[in-house]
Amino acid sequence: MLPPSPAERALELLKRARKKARRLGSEDPEAVHDFRTSLRRLRAQLGLHRGLLGRRSSKRLRRELGRLVRATGRARDALAGRALLEGERGREERALRLV
């Protein structure tokens, strides 16, 4: 069996990113991380094969994907901060029960 072509690989990564995007509104704490990972993989794939799309198109697509990665990075930071605060609150509550 032949390995997938660059276009087939990019299409598969795009489908994966779309699938991960559907989970963004869920309660799954890993949804943002998984979506960001799929975007970075797609962006890297486009960079590897920019000659197939043309430099300008590839650059524009990669730039847009980069914006999405940065925007979701802020969401991921907020989720991580919330988890940290919830962990601190849990420790404080346990400490107060000991008193």
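Below you will find a few notes about this structure. These numbers come from a predicted model, not from an experiment. (Residues numbered from 1 in each chain as written. Predicted model: local features only at pLDDT ≥ 70, side-chain atom pairs only at ≥ 80, totals over all residues. Heavy atoms only, no water.)

## Some points on the pattern of salt bridges
Now for step 1: According to the stated counting rule, one finds five salt bridges in the structure shown.
Now for step 2: A salt bridge links Arg23 to Asp34, with the nearest nitrogen and oxygen atoms 3.0 Å apart. Of this pair, Arg23 sits in the loop between α1 (6–22) and α2 (31–48) while Asp34 is found in helix α2, placing the two residues eleven residues apart along the sequence.
Now for step 3: Between Glu64 and Arg67 there is a salt bridge; the shortest N-O distance is 2.3 Å. In this pair, Glu64 and Arg67 both sit in helix α4 (residues 55–98), three residues apart, roughly one turn of the helix.
Now for step 4: Given a relative accessible area of 41%, Arg67 falls into the partly exposed group.
Now for step 5: Within the structure, one salt-bridge network assembled from shared partners comprises Arg23, Asp28 and Asp34. (Salt bridge = Lys/Arg side-chain N within 4 Å of Asp/Glu carboxyl O. Helix = DSSP H or I, 4+ residues; strand = E, 2+ residues; numbered from the N terminus. Buried < 20%, exposed > 50% of the residue type's maximum accessible area, 1.4 Å probe, protein only.)

## Quick look at the layout of surface pockets
Now for step 1: The volume enclosed by the largest pocket comes to roughly 250 Å³.
Now for step 2: What lines the largest pocket is a set of 14 residues, and nearest its centre among them are Glu27, Asp28, Pro29, Leu79 and Arg82.
Now for step 3: Counting only elements with at least two residues in the lining of the largest pocket, the list comes to α2 and α4.
Now for step 4: For the lining of the largest pocket, the element with the most residues is α4, which contributes six residues. (1 Å grid on protein atoms, 1.4 Å probe; cavity = no way out; pocket = protein on both sides within 12 Å on 5 of 7 lines; lining within 4 Å. Points joined across faces, edges and corners; volume = space filled by probe spheres on them.)

## Here's the deal with α1
Now for step 1: The terminal C-alpha atoms of α1 lie 25 Å apart, and with 17 residues this matches the ideal 24 Å at 1.5 Å per residue to within 8%.
Now for step 2: Those residues of α1 lying buried are Ala10, Leu13 and Ala17. On an axial view of α1, the arc spanned by its buried residues comes to 60 degrees, and they lie on one face. Of the residues in α1, the exposed ones pointing more than 90 degrees away from the buried face are Arg18, Lys19 and Arg22.
Now for step 3: Each element contacted by the buried residues of α1 is listed here: α2. (Expected span 1.5 Å × (residues − 1). Arc of directions from axis to C-beta. Contact = heavy atoms within 4.5 Å.)

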